[in-house]
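Close look at the chain arrangement
Each chain is listed here by its residues.
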There are 2 protein chains.
Amino acid sequence: MKDLQLNSNAMLPLRDVVFQTLREAILTGDIEPGERLMEIHLANQLGVSRTPIREAIRKLELEGLVVMTPRKGAIVASITEEDLKEVLEVRVVLEMLAMELACKKINGEQMDGLKRALKEFQDVIDLDDPNKIASKDEAFHDCIYQATGNSKLMNLLNNLREQMYRYRVEYIKDISSRHSLVEEHILMIEALEKRDIASGTSVIKTHILNQQERIIQNLRKEKAIHGSK
Amino acid sequence: MKDLQLNSNAMLPLRDVVFQTLREAILTGDIEPGERLMEIHLANQLGVSRTPIREAIRKLELEGLVVMTPRKGAIVASITEEDLKEVLEVRVVLEMLAMELACKKINGEQMDGLKRALKEFQDVIDLDDPNKIASKDEAFHDCIYQATGNSKLMNLLNNLREQMYRYRVEYIKDISSRHSLVEEHILMIEALEKRDIASGTSVIKTHILNQQERIIQNLRKEKAIHGSK
DNA sequence: AAAAGGTATTTTGAATACACTGTACAAAAA
DNA sequence: TTTTTGTACAGTGTATTCAAAATACCTTTT
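Within every chain, residues take consecutive numbers counted from 1 along the sequence as written. Both sets of labels track the order of writing: A upward for chains, 1 upward for ligands. It should be noted that, the model being predicted, local features are given only for residues of pLDDT at least 70 and side-chain atom pairs only at 80 or more, the latter also being counted only at that level, while totals for whole chains, interfaces and linings use all residues. The side-chain numbers reported here are obtained from all heavy atoms of the structure, hydrogens and water having been left aside.

Let us now look at the overall build of chain A. The way it works is that DSSP assigns letters per residue, a run of H or I at least four long becomes a helix, a run of E at least two long becomes a strand, and they are numbered from the N terminus. Per the secondary structure count, chain A includes 10 helices and three strands. Seen in sequence order, chain A has helices and strands lined up from the N terminus as α-β-α-α-β-β-α-α-α-α-α-α-α. Taking 17 Å as the expected radius of gyration for a compact globule of 229 residues, we find that chain A reaches 19 Å, a close match to that expectation. The principal-axis extent of the C-alpha atoms belonging to chain A is close to 55 × 45 × 30 Å. Across the 229 residues of chain A, 50% fall into the buried class. Look at the contacts in chain A between residues 6 or more apart in sequence, and 72% of them connect residues 24 or more apart. Put simply, the radius of gyration uses C-alpha atoms, and a globule should come to 2.2 Å times the residue count raised to 0.38. Using a 1.4 Å probe on the protein chains alone, a residue whose accessible area is under 20% of its type maximum counts as buried, one over 50% counts as exposed, and one in between counts as partly exposed. The criterion used for residue contact is that any of the two residues' heavy atoms lie within 4.5 Å.

Structure representation (structure tokens):
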């Protein structure tokens, strides 16, 4: 486990700061799947008492990021290929729903935002900074989610996306796929401009399925490496 | 607030017992939307200390059943018509996905279970016991969820269904709709037997949309009553 | 050397204690 | 009468303490 440090948003209760800190640490891989989350240890490391740590862990538990076994404590949940398939199966239909709703509801301002997001994505696509690319990609999709006007849907999609966050950066390193990402984003914008639900949903579907392919390949690779140790 | 009592599953940690207890109390309406959840009060009422209460509230918070405001505490979240529409918008596509997967994957044993569930549903449909009817209805749909083989999807659907749990019993009191419920369930079984995805998804779609209609009507009625007080 | 058992240590579970904040109510000033 | 300010109280936020369970380690026995 890397050294952790509190995200110090001074106004929030400590438990929320701890929650965000741990969450990010898990999603970025600073704390690895299978690793134990020990309360005293974390409390010392973050300079707080066990209470906020415990409350943060309760939330992580419900989010599925950690697995609790009573009287033994929490470990970081590990994602199997099966899990990933299940998540993506769900994600595809929700992304299609989001695209459909966005096609119906998107307004000029949101359209502009989307184009800006595309531009920023293109600007970083050839840089050697997977983190930045990933974050611009997310920003693009966030614009679409926003346009749906359905906050529940946004929540769910963010949560589902989060589940594969750990593998996100890895698959972006696969240079060959980057330009097809841009292509697909352009197609999405075109569909949204024409309010063409059929083609919009079709594009997003292949977009996600492509992603699935690559992520699962990476997962297998990683597993092979890890397994051979 | 009605008198609460712990669901005393002796083996689970107290925090989980408290969590389940509070959750059920919220979903059944024993604790009403807008009501404050005061830690000391709940602790006294349930005969435990504040610690497990707080940890339970953290989980309820993440589930969206309570809303926290820092230094003021938690209140039970109230569901607006808008919220309900958003939930149903999502639920429709997930129910359709579930039906599609079930059509593809359901096996003989599961099919038998489904028919049993239908039979039990029919057995109670004319009784004057909305709770029982509701639970048999749930059992039927659970069979379908089970057949999808996608645990993530099951989780999500259970959670979405839960969000309208409070209005469930009310709308079942509407006698006229009961028999169309049975009709629709029969149609679903037929579709599953023929593995006819198109008709299966179409039936479930109208099933949910009908439900939406009735629930929203009830919501308006309830609001009118509540508003006039 | 391997297995079994017992003790010490670590860690979680729950309760309690203390600190801080917001709110309500009352008293004083305008 | 209205506004302001101060004080008491109620409730949350965090830390600490105590209890019980799990784990690790060491000893003993076969």
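That shown, we press on.
Note on the chain copies: they are related by a rotation about an axis and a translation along it. When chain A is brought onto chain B, the operation consists of a screw motion whose angular component is 180 degrees and whose axial shift is 0.1 Å, with 0.1 Å RMSD remaining. Considering both components of the superposition, the chain copies are consistent with a two-fold axis. To line up the copies, we fit them by least squares on C-alpha atoms, keeping just the residues with pLDDT of at least 70 in both.

Only a single heavy atom is needed: when it lies within 4 Å of a molecule or strand, its residue is near that molecule or strand. Taken together, 21 residues surround DNA strand D, and among them Leu14, Ser49, Thr51 and Lys72 of chain A together with Arg50 of chain B come closest. Sugar plus phosphate: this is where 71% of the atoms of DNA strand D within 4 Å of the protein reside. As used in this structure description, the phrase polar contact means that two N or O atoms lie within 3.5 Å; if the pair is within protein, one of them must be able to donate a hydrogen and the other to accept it, and residues adjacent in sequence are counted only when both atoms belong to side chains. With respect to DNA strand D, the side chain of arginine 15 of chain A contributes an N or O atom lying 3.2 Å from a phosphate oxygen. Within the backbone of glutamate 39 of chain B, one N or O atom sits 3.3 Å away from a phosphate oxygen of DNA strand D. Listed by contribution, the elements that provide at least two residues to the surface near DNA strand D are α1 (14–27) and α3 (50–63) of chain A together with β1 (36–37), α2 (39–46) and α3 (50–63) of chain B. Residues that form the surface near DNA strand D fall into these classes: seven nonpolar, three polar and 11 charged. Following the grouping adopted for this structure description, the nonpolar residues are Ala, Val, Leu, Ile, Met, Phe, Trp, Tyr, Cys and Pro, the charged ones are Asp, Glu, Lys and Arg, and the polar ones are all others, Gly among them.

On to the packing of aromatic side chains, then. Each aromatic ring pair is specified by the distance between its two centres and by the angle formed by the two planes. The aromatic pairing rule takes the rings of Phe, Tyr and Trp, using the six-membered ring of Trp, and pairs them if the centres are within 6.5 Å, calling planes under 30 degrees apart stacked, those over 60 edge-to-face and the rest tilted. According to the stated counting rule, one finds zero aromatic pairs over all chains in the structure shown. As a reminder, the over-ring test applies to NZ of lysine and CZ of arginine, requiring each to be within 6 Å of the ring centre and within 35 degrees of the ring normal. Taking the ring centre of phenylalanine 19 of chain A as reference, the NZ or CZ of lysine 59 of chain A above it sits at 4.7 Å.

Attention shifts here to the sheet that holds strand β2 (residues 66–69) of chain A. Residues and elements named next belong to chain A. At least two bridges found by DSSP between two strands are what make those strands a pair. Taken in spatial order, the three strands line up as β1-β3-β2 in an open sheet, and their pairing is antiparallel. Strands at the two margins of the open sheet, each flanked by one partner only, are β1 (36–37) and β2. Two strands pair when backbone bridges link them, and β2 and strand β3 (residues 73–76) are joined in this way by four bridges, in the antiparallel orientation. Across the sheet, valine 66 pairs through a bridge with valine 76, a residue of β3.

So yeah, pure geometry; function would need other evidence.
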